[in-house]
Amino acid sequence: MPSITPPQLLRQMFDAAVAAAQPALCLPPHLPPPPKGRTIVIGAGKASAAMARALEDHWAGPLEGLVVTRYGYEVPCARIEIVQAAHPVPDAAGIEAAERIRQLVTGLTADDLVIALISGGGSSLLVAPGEITVTQASRAPGRMPSERATAWRSEYSVASVTSWCGTATITI
């Protein structure tokens, strides 16, 4: 039997874990049935565009939405708009995306379904800074970029949402 070195074993385990976490594989089993009303997809994070694509590929009904991902992480989608913004330090594109998402979910009814695709980086990609500007936050003294990004808070709370494989489903 061929011998495998510890680095080779670790690499094989890592590759298997990454393959198992691909949105196209892990997202479909957790999708709810289409609602009576509209299905709106919102999201933020470095993997959110890949999750949006997997959702589009496996969703039977009408679908619309907006997802914000890091520059360079865009994945083409037909029904969900993908917007790119800065990470880890937020920029104006992330602020604009947050406002557009807020508008998208305003006025929904109990018959509508919101599917939130949240992954790592979402807190700096989907921001609503209030009284502070992007420039002010990025120049905060004595903080590393990741600490500045963490200081920003989204106006959307996903803390109480049950999540599977990096996705969250919210019924409004």
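Here, the structure is the one placed above.
Only a predicted model underlies this, so the values are computations on that prediction, with no experimental measurement involved. (Residues numbered from 1 in each chain as written. Predicted model: local features only at pLDDT ≥ 70, side-chain atom pairs only at ≥ 80, totals over all residues. Heavy atoms only, no water.)

### Structural notes on the overall build of the protein
Secondary structure summary: the protein contains 7 helices and 6 strands in total. Beginning at the N terminus, the succession of helices and strands in the protein can be written as α-α-β-α-β-β-α-β-α-α-α-β-β. Here the protein holds 172 residues, and the buried ones make up 36% of them. In the protein, once contacts between residues fewer than 6 apart in sequence are set aside, the share between residues at least 24 apart is 69%. (Helix = DSSP H or I, 4+ residues; strand = E, 2+ residues; numbered from the N terminus. Buried < 20%, exposed > 50% of the residue type's maximum accessible area, 1.4 Å probe, protein only. Contact = heavy atoms within 4.5 Å.)

### As for unusual backbone geometry
Each neighbour pair has its own omega, and for His87 with Pro88 the value is 15°, a cis peptide bond. Relative to the helices and strands, Pro88 is located in the loop between strand S3 (80-85) and helix H4 (92-105).

### Notes on the nonpolar core
In this structure, Ile40, Ile42, Val68, Val105, Val114 and Leu126 are the most contacted members of the largest nonpolar core, which totals 17 residues. The biggest single contributor to this core is H4, with 5 residues. (Core = buried A, V, L, I, M, F, W, Y, C linked by side-chain atoms within 4.5 Å.)

### Some thoughts on the pairing of strand S2 (residues 64-70)
With 5 of 7 residues buried, S2 lies mostly within the body of the structure. The pairing of strand S1 (residues 39-44) with S2 spans 5 bridges and is classified as parallel. Following the sheet pairing, Ile40 is matched in S2 by Glu64. The handedness of the S1 to S2 crossover, carried by helix H3 (residues 48-58), is right-handed. Here S2 runs beside S3; their pairing, made up of 6 bridges, is parallel. Bridging from a neighbouring strand, Thr69 pairs with Gln84 of S3. (Pairing = 2+ DSSP bridges. Right-handed = clockwise from strand over helix to strand, strands pointing away.)

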